[in-house]
Amino acid sequence: MSLRHMENLPLHHPSPPGPQRLSWKCWLLYLIIAFLAFLYFSALLFTLLSSKTVNETCVAKYGPFPLKWQMASPEPSCVKKIADWKVEILRKGLYVIYGQVAPNTTYKEPAPFEVRLRKNESIIQTLTNNAAIQNIGGIYELHAGDVIDLIFNYEHQIIENNTYWGILMLATPHFIS
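These notes cover the structure that comes with them.

The rules behind the values
Residues numbered from 1 in each chain as written. Predicted model: local features only at pLDDT ≥ 70, side-chain atom pairs only at ≥ 80, totals over all residues. Heavy atoms only, no water. Helix = DSSP H or I, 4+ residues; strand = E, 2+ residues; numbered from the N terminus. Contact = heavy atoms within 4.5 Å. Areas by Shrake-Rupley, 256 points an atom, 1.4 Å probe, with all protein chains shown as cover. Disulfide = S-S within 2.5 Å. Buried < 20%, exposed > 50% of the residue type's maximum accessible area, 1.4 Å probe, protein only. Core = buried A, V, L, I, M, F, W, Y, C linked by side-chain atoms within 4.5 Å. Patch = residues over 30% accessible without salt bridge, like charges linked within 9 Å, V, L, I, M, F, W, Y side chains within 5 Å. Salt bridge = Lys/Arg side-chain N within 4 Å of Asp/Glu carboxyl O. Phe/Tyr/Trp six-rings, centres within 6.5 Å; stacked < 30°, edge-to-face > 60°.

**Structural notes on the overall build of the chain**
Scanning the chain for helices and strands turns up 1 helix and 11 strands. Listed N to C, the secondary structure of the chain is α-β-β-β-β-β-β-β-β-β-β-β in terms of helices and strands. For the chain, contacts bridging at least 24 residues in sequence account for 70% of all contacts bridging at least 6. Carbon and sulfur atoms make up 60% of the accessible area of the chain, which amounts to about 12300 Å² in all.

Laid out in structure tokens, this is it:
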């Protein structure tokens, strides 16, 4: 018997196709992501637990129609209306800024569509999509004296009876300086 035909056979069988084991680099990446998520949620939990919730309601909303400031109480203790689309913060704390911007899709003037949410004239959020209604806002740490406003490149770029923004005080964390 000749064994010549066995000389060309591989010494090992190829593994069947299917899921491969993850390399140690992938496991390390997943571990880092999980650790960062843990840190983020721990910080969020710490912030919420170390905060003193607000006893009185402090809400201010501008718009939609009629375009005027609507306050939760006649004398809110956390904000003061300065002008249309603009408030001044009277108490430090965590605030939710929320709003909706409805672009005027028939607007065809040369000024580009741009809506800016600003804090002390520094832009904190910008909207540039004039194809659909968009939400604006977020959770911000604000201090007494901060001025928050919503501005447009040109007032006819938005549909005023469907555009509004508001501010709600959530809490006064102990560690805000």
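**Some thoughts on the state of the cysteines**
Counted under the stated rule, the structure contains 1 disulfide. What pairs with Cys58 in a disulfide is Cys78, and their sulfur atoms sit 1.5 Å apart. Taking the sign of the S-S torsion, about -90° here, the bridge from Cys58 to Cys78 comes out left-handed. Of this pair, Cys58 sits in the loop between strand S1 (51–53) and strand S2 (59–62) while Cys78 sits in the loop between strand S3 (69–71) and strand S4 (79–83), placing them 20 residues apart in sequence. The buried category is assigned to Cys58, whose relative accessible area is 2%.

**Section: the nonpolar core**
Counting residues in hydrophobic clusters, the biggest one holds 26 residues, and the most contacted among them are Val115 and Trp165. Those elements that place two or more of their residues in this core are S2, strand S5 (86–89), strand S6 (93–101), strand S7 (115–119), strand S9 (134–142), strand S10 (147–152) and strand S11 (164–173).

**Let's talk about unusual backbone geometry**
Cis geometry is adopted by the peptide bond preceding Pro64, which originates at Gly63 and carries an omega value of -5°. On the secondary structure map, Pro64 appears in the loop between S2 and S3. At Asn120, a position not held by glycine, the phi torsion is positive, near 50°. You can call Asn120 partly exposed: its relative accessible area is 38%.

**A few points about a nonpolar patch on the surface**
The grouping of Trp24, Leu28, Leu31, Ile32, Phe35, Leu36, Phe38 and Leu39 at the surface amounts to a nonpolar patch, some 890 Å² of accessible area in total. Positionally, Phe35 belongs in helix H1 (residues 24–49).

**Some words on the packing of aromatic side chains**
Taken as a whole and judged by the stated rule, the model has 5 aromatic pairs. A centroid spacing of 5.2 Å and a plane angle of 55° characterise the contact between Tyr62 and Trp69, whose relative ring orientation is tilted. Considered together, Tyr62 and Trp69 belong to a single accessibility category, that of buried residues. Pairing Trp85 with Phe152 gives two aromatic rings, centres 5.1 Å apart and planes at 85°, and the pair type is edge-to-face. Of this pair, Trp85 sits in the loop between S4 and S5 while Phe152 sits in strand S10; the two residues are 67 residues apart in sequence, bridging distant segments of the chain. Each member of the pair, Trp85 as well as Phe152, carries the same accessibility label: buried. Counting every residue linked through ring pairs, the aromatic cluster contains Tyr62, Trp69, Trp85, Phe152 and Trp165.

**Points about the pattern of salt bridges**
Close approach of charged atoms allows side chains with opposite charge to pair. Throughout the structure, instances matching the rule amount to 4 salt bridges. With its nearest N and O atoms 2.4 Å apart, the salt bridge here joins Arg116 to Glu114. The buried category is assigned to Arg116, whose relative accessible area is 13%. With a relative accessible area of 25%, Glu114 lands in the partly exposed category. A salt bridge links Asp146 to Lys119; the nearest nitrogen and oxygen atoms lie 3.9 Å apart. Taken together, the positions of Asp146 in the loop between S9 and S10 and Lys119 in strand S7 put the pair 27 residues apart, joining distant regions of the chain.

Limitation: the analysis is restricted to geometry and does not speak to function.
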